[in-house]
Amino acid sequence: MSDSEFDLVVIGSGPGGYVGAIRAAQLGLKTAVVEREHLGGICLNWGCIPTKALLRTADIYRNIQHAAGFGIKVDGSSVDLEATVKRSRQVAAQLSGGVSGLLKKNKVTVINGHGKLAGKGKVEVDDRAKSR
Ligand SMILES: Cc1cc2nc3c(=O)[nH]c(=O)nc-3n(C[C@H](O)[C@H](O)[C@H](O)COP(=O)(O)OP(=O)(O)OC[C@H]3O[C@@H](n4cnc5c(N)ncnc54)[C@H](O)[C@@H]3O)c2cc1C
């Protein structure tokens, strides 16, 4: 993106960044978010959300192992690790897409790349760093 002017530029779109940017836009500031990887940051893409998706699989598997005690007979079960990880990645991608939708709805401009401060009131974005 060439030179653009904003009232506020947020570097990083984790739960801190995207929520702050949306609130700023709702309060009337022309706002941009700079993100070098995936919208939603660590929490949505690698931390809170995907790990809870993996834990859910473990939870279901444990329940199956104890099903007999609840009067349910299960003949054989095993964990398909590939499918488990695939589901976790799908959940993360879906929520990251949700953040994209929220930013768009609130008219926050998303700029892909590595942002750095470049003097008073200036942010430079290196878009070669995007989608690493
Ligand atoms: C495995 C794991 C599990 C977790 N589980 C939980 C949980 O269950 N509950 C909970 O509350 N917390 C959990 N956390 C912590 C949670 O992920 C963090 O507290 C949260 O992500 C912090 O949000 P943030 O917005 O500060 O930064 P981040 O989520 O780290 O987002 C920062 C974003 O900024 C981008 N960025 C950084 N520098 C630049 C730059 N110069 N230019 C452009 N973009 C940049 C990064 O690419 C990233 O997307 C977990 C963390 C991990 C690692």
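Here the structure is shown first, and the text comes after it.
Residues numbered from 1 in each chain as written. Predicted model: local features only at pLDDT ≥ 70, side-chain atom pairs only at ≥ 80, totals over all residues. Heavy atoms only, no water.

1. Section: the overall build of the chain
Alright, step 1. Along its length, the chain carries 4 helices and 5 strands.
Alright, step 2. When the helices and strands of the chain are read in sequence order from the N terminus, they spell out β-α-β-α-α-α-β-β-β.
Alright, step 3. A compact globule built from 132 residues should have a C-alpha radius of gyration of about 14 Å, whereas the chain, at 20 Å, is more than 25% larger.
Alright, step 4. In terms of overall dimensions, the chain has C-alpha extents of about 65 × 30 × 20 Å along its principal axes.
Alright, step 5. Put simply, the chain has 132 residues, and 27% of those count as buried.
Alright, step 6. Counting only contacts in the chain whose residues sit at least 6 apart along the sequence, the fraction spanning at least 24 positions is 60%. (Helix = DSSP H or I, 4+ residues; strand = E, 2+ residues; numbered from the N terminus. Rg over C-alpha atoms; globule rule 2.2 N^0.38 Å. Buried < 20%, exposed > 50% of the residue type's maximum accessible area, 1.4 Å probe, protein only. Contact = heavy atoms within 4.5 Å.)

2. Considerations on the site of the ligand
Alright, step 1. Near the ligand lie 22 residues; those nearest to it are Gly 16, Glu 35, Ile 42, Lys 52 and Gly 115.
Alright, step 2. Between an oxygen atom of the ligand and a main-chain N or O atom of Gly 16, the distance comes to 2.8 Å.
Alright, step 3. Here the ligand, which alone exposes 990 Å², has 56% of that area covered by the protein.
Alright, step 4. Looking at the shell around the ligand, the elements with two or more residues in it are α1 (15–26), β2 (31–35), α2 (41–45), α3 (48–65) and β4 (114–117).
Alright, step 5. In terms of residue class, the shell around the ligand is built from 6 nonpolar, 12 polar and 4 charged. (Near = heavy atom within 4 Å. Polar contact = N/O pair within 3.5 Å; in protein donor to acceptor, adjacent residues only side chain to side chain. Areas by Shrake-Rupley, 256 points an atom, 1.4 Å probe, with all protein chains shown as cover. Nonpolar A, V, L, I, M, F, W, Y, C, P; charged D, E, K, R; others polar.)

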